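Summary of structural features
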Amino acid sequence: MPDSDPPYQHHEIDPTIIPQAETPRGDADGTPQRGHLAGAIQMAKDAPSKDAPSKEGLATGWSFANWLVVAICWCLVLGFVVFSLLTPYVAQDPQSVAEDQPLGMGDQIQALYFLGMQQLPGVPESQAREVYEQLGSDSTGTLNQRLGDVILAGEFVGAEEAQKKLEVLTEKMEEVGYEPTPKEKRTKAALEQLYRDYAMEQWDAPSLTEDDRQGISENLGWLGTLAIEPKQLQSNQRIQMESDAKNFTMFLLVVLIFALGMFGLGSILAFMAVVLVFMGYLRSSLKSQTGHGHIYMETFVLWMIGFLMISLLIALVVPPSYSLIANSLGFPASLLALVWPCLRGVRFAEVCGDLGITLRRAWLEPFAGLVGYIAGFPLLVLSAFFMIGLMAAFGEQPSPDNFQPVYEPSHPINETMEAGGASVFFWVALMTCVMAPLVEETIFRGVLYRHLRDMTAWSRVLLSTFSSAAISGFVFAAIHPQGIFVVPVLGTLGFIFAVVREWRGSLIAPMVMHAIHNGMVTLMLVMVTTLTSS
């Protein structure tokens, strides 16, 4: 019988053929393939939280050279910011200011309001006099502004009060040694004759020549016309002026009621937004980092330089009568700076995505912009009160001994508006409601904000968003030519626009918000200019 192995004989087993636990396979970048649960779980544990600070430090991927270029760019930006903030306060010759700019927009609005209040039904005639005595009885500012106060005194108190103000004004001019310009001399002398006639109830003012009347109207604008059209005569022009003033005052009351409603609704929406943010239902739509933040800072500086060069070229070459048209067309040309990221190797589609230039959910974005503006309106109102407080605390206070112009926050475009005319209004509306939102949102909430979000990506999303929105809002405000006291209001606007940009991930909503705000301001300016153009 052949030999056979015992049934329980021990065999040596090669250990290489024992099945081993398979390490989860992955793609070339190390990402576990679908189905390898253990590897996926481990990767999830190792992955940082969306809100967690980056472990790689400040602005991942920026080299020393990148940081050096960014630092130089910020030095240029801050230099331009300081220059822009100080420019409105460069001393001017008060004589030329008084002669070239008879009265400001604020003087015209005040006069319209006082006159319109008299025309409202149920308002006693003495009400306007009481308001005038509380708000408009002090004479400060340029000589023309003080002559405007004389006209208000004659309108709401009487010719004798106007004569007293003229006597006090003459004494003050002699006391401080103020030498009026020839035009100011003629205007003051004509008003003295005018109120001398009115005091004798000679309402047709026989002492005035036609040149005197024309000089008062031209030099003192709408207020001058009001002076030579007394209410006792009730001429057609006087009736029209009273009707315009009444309509304007009613418009202001409607705006006030509307603003109060927006403040209440906005407060509710803002509170709901804050609650939703902390509950995690309202989240950012932006990437924390793009890797191109330093390139976008270079782009912002190139835009700034291009914008200054275009503005200088228009000022040197284009006649003043066509400067508004040239600026409306030249302003968007500054967006050619957006070519720079592409030249630096960033794909155009990626640039558009980084900056929020997208039509995704475009039908919803205008509604989001409207909601965002209403929610931010209470903060805007508070910033306006803060601006008033700053002006009262630190601004130059008007003095009866100083014939310098009284500072009023304004934009250079206000002077353009005073020219009036449908074509001027069209180009102003195009510039403020279309071109400005398009260019400024692309640059400030697109380019600059994207750079700041990249630079602060080491922090949590909420801190990065808040700091980036605040810094971009400040630069946005400072570059505007209204002066340092308007920075709180414009900076708050920029902050609100940036927060909505973070929420939506698109520039459409901030552009809509910008257009809404500029549209309301432009409508007010157009209305005042139209009513006072006579």
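Residues numbered from 1 in each chain as written. Predicted model: local features only at pLDDT ≥ 70, side-chain atom pairs only at ≥ 80, totals over all residues. Heavy atoms only, no water.

Quick look at the overall build of the protein
Tallying secondary structure elements over the protein gives 20 helices and zero strands in all. Counting over 534 residues, the protein shows a buried share of 42%. Within the protein, residue pairs in contact and separated by at least 24 positions form 77% of the contacts whose partners lie at least 6 positions apart. (Helix = DSSP H or I, 4+ residues; strand = E, 2+ residues; numbered from the N terminus. Buried < 20%, exposed > 50% of the residue type's maximum accessible area, 1.4 Å probe, protein only. Contact = heavy atoms within 4.5 Å.)

What to know about the pattern of salt bridges
For the structure shown, the criterion picks out 13 salt bridges. The partner of Arg238 in a salt bridge is Glu242, and the shortest N-O contact between them spans 2.9 Å. With Arg238 and Glu242 both in helix H10 (residues 236-279) and four residues apart, this pair spans about one turn of that helix. Neither residue differs from the other here; Arg238 and Glu242 are each classed as buried. (Salt bridge = Lys/Arg side-chain N within 4 Å of Asp/Glu carboxyl O.)

Side note on the layout of surface pockets
The volume enclosed by the second largest pocket comes to roughly 1200 Å³. Forming the walls of the second largest pocket are 33 residues, and the residues nearest its centre are Ala273, Val274, Val277, Leu282 and Val499. When residues of the lining of the second largest pocket are traced back to their parent elements, those giving at least two are H10, helix H15 (365-394), helix H18 (461-479) and helix H19 (487-504). The element that contributes the greatest number of residues to the lining of the second largest pocket is H10, accounting for nine residues. (1 Å grid on protein atoms, 1.4 Å probe; cavity = no way out; pocket = protein on both sides within 12 Å on 5 of 7 lines; lining within 4 Å. Points joined across faces, edges and corners; volume = space filled by probe spheres on them.)

Quick look at unusual backbone geometry
Leave glycine aside and you will find that most residues have negative phi; peptide bonds, for their part, are mostly trans. For Glu201, which is not glycine, the phi torsion reads 60° and is therefore positive. Mapped onto the elements of the fold, Glu201 is located in the loop between helix H8 (182-199) and helix H9 (210-228).

Topic: the packing of aromatic side chains
One pass over the structure, following the stated rule, counts 13 aromatic pairs. Consider the rings of Tyr373 and Phe377, whose centres lie 6.3 Å apart with planes at 50°: the pair is tilted. With Tyr373 and Phe377 both in helix H15 and four residues apart, this pair spans about one turn of that helix. Across the pair, exposure class does not vary: Tyr373 and Phe377 are buried alike. Three or more aromatic residues link up through ring pairs in this structure, and these residues are Phe300, Trp303, Phe307, Phe331, Phe444 and Phe476. Residue placement shows Arg504 over the ring face of Trp503; its charged tip is 4.7 Å from the ring centre. (Phe/Tyr/Trp six-rings, centres within 6.5 Å; stacked < 30°, edge-to-face > 60°. Lys NZ or Arg CZ within 6 Å of the ring centre and 35° of its normal.)

Let's talk about the side chain of Thr465
Topologically, Thr465 is positioned in helix H18. A relative accessible area of 11% places Thr465 in the buried class. For Thr465, the side chain forms a polar contact with the side chain of Glu502, separated by 3.5 Å. Excluding residues within four positions of it along the chain, Thr465 makes contact with Tyr449, Arg453 and Glu502. (Polar contact = N/O pair within 3.5 Å; in protein donor to acceptor, adjacent residues only side chain to side chain.)

With respect to a nonpolar patch on the surface
A surface patch of nonpolar side chains, about 740 Å² in accessible area, is lined by Ile268, Phe271, Met272, Val275, Leu276, Met279 and Tyr281. Following the sequence through the fold, Phe271 ends up in helix H10. (Patch = residues over 30% accessible without salt bridge, like charges linked within 9 Å, V, L, I, M, F, W, Y side chains within 5 Å. Areas by Shrake-Rupley, 256 points an atom, 1.4 Å probe, with all protein chains shown as cover.)

Focus: the environment of Glu298
Position of Glu298 among the secondary structure elements: in helix H11 (residues 293-317). Residues Glu298 and Cys73, spaced 225 residues apart in sequence, show a C-alpha to C-alpha distance of 6.6 Å. Once residues lying within four places of it in the same chain are set aside, the contact partners of Glu298 are Val69, Cys73, Trp340 and Arg344. One polar contact links Glu298 to Arg344, side chain to side chain, over a distance of 3.0 Å.

What about the confidence of the model for the protein?
Across the protein, the average pLDDT comes to 82, with 81% of residues at 70 or higher. Residue range residues 1-59 is modelled with pLDDT below 50. Its contacts to residues more than four positions away, or to other chains, number 32 contacts. With pLDDT under 50 throughout, residues 90-100 is counted as low confidence; its partners more than four residues away or in other chains account for 18 contacts. (pLDDT = per-residue confidence, 0-100.)

Let's talk about the nonpolar core
In this structure, Trp74, Val77, Met297, Phe300, Trp303, Phe444 and Val475 are the most contacted members of the largest nonpolar core, which totals 55 residues. Elements supplying a minimum of two residues to this core: helix H2 (64-86), H11, helix H14 (348-355), H15, helix H17 (422-455), H18, H19 and helix H20 (508-532). Examining the composition of this core, we find that eleven residues originate from one element, H17, more than from any other. Setting aside anything within four residues of it in sequence, one finds Trp74 in contact with Met297, Leu448, His451, Leu452, Met455, Ile471 and Val475. In terms of nonpolar packing, the next biggest core, distinct from the first, is built from 36 residues, Leu112, Tyr195, Ile228 and Phe403 among them. (Core = buried A, V, L, I, M, F, W, Y, C linked by side-chain atoms within 4.5 Å.)

Brief notes about the side chain of Glu242
The class of Glu242 is buried, set by a relative accessible area of 11%. Of the polar contacts made by the side chain of Glu242, one reaches the side chain of Gln234; its length is 3.3 Å. Looking at Glu242, its side chain comes within polar contact range of the side chain of Arg238, at 2.9 Å. The contact partners of Glu242, leaving out residues within four places of it in the chain, are Leu115, Gln119, Lys231 and Gln234.

Some points on the packing of helix H6 (residues 143-156) against H8
Axis separation between H6 and H8 bottoms out at 11 Å; the angle between their running directions is 10°. As summarised for this structure, H6 and H8 are arranged roughly parallel, according to the angle between their axes. Every residue of H8 that contacts H6 at Leu143, Asn144, Leu147, Val150, Ile151 and Gly154 is listed here: Glu184, Thr187, Lys188, Leu191 and Tyr195. In the contact of H6 with H8, the residues fall into six nonpolar, three polar and two charged. (Axes fitted to C-alpha atoms, helices over the stretch in contact; angles between N-to-C directions. Parallel < 35°, antiparallel > 145°, perpendicular 65-115°, else oblique. Nonpolar A, V, L, I, M, F, W, Y, C, P; charged D, E, K, R; others polar.)

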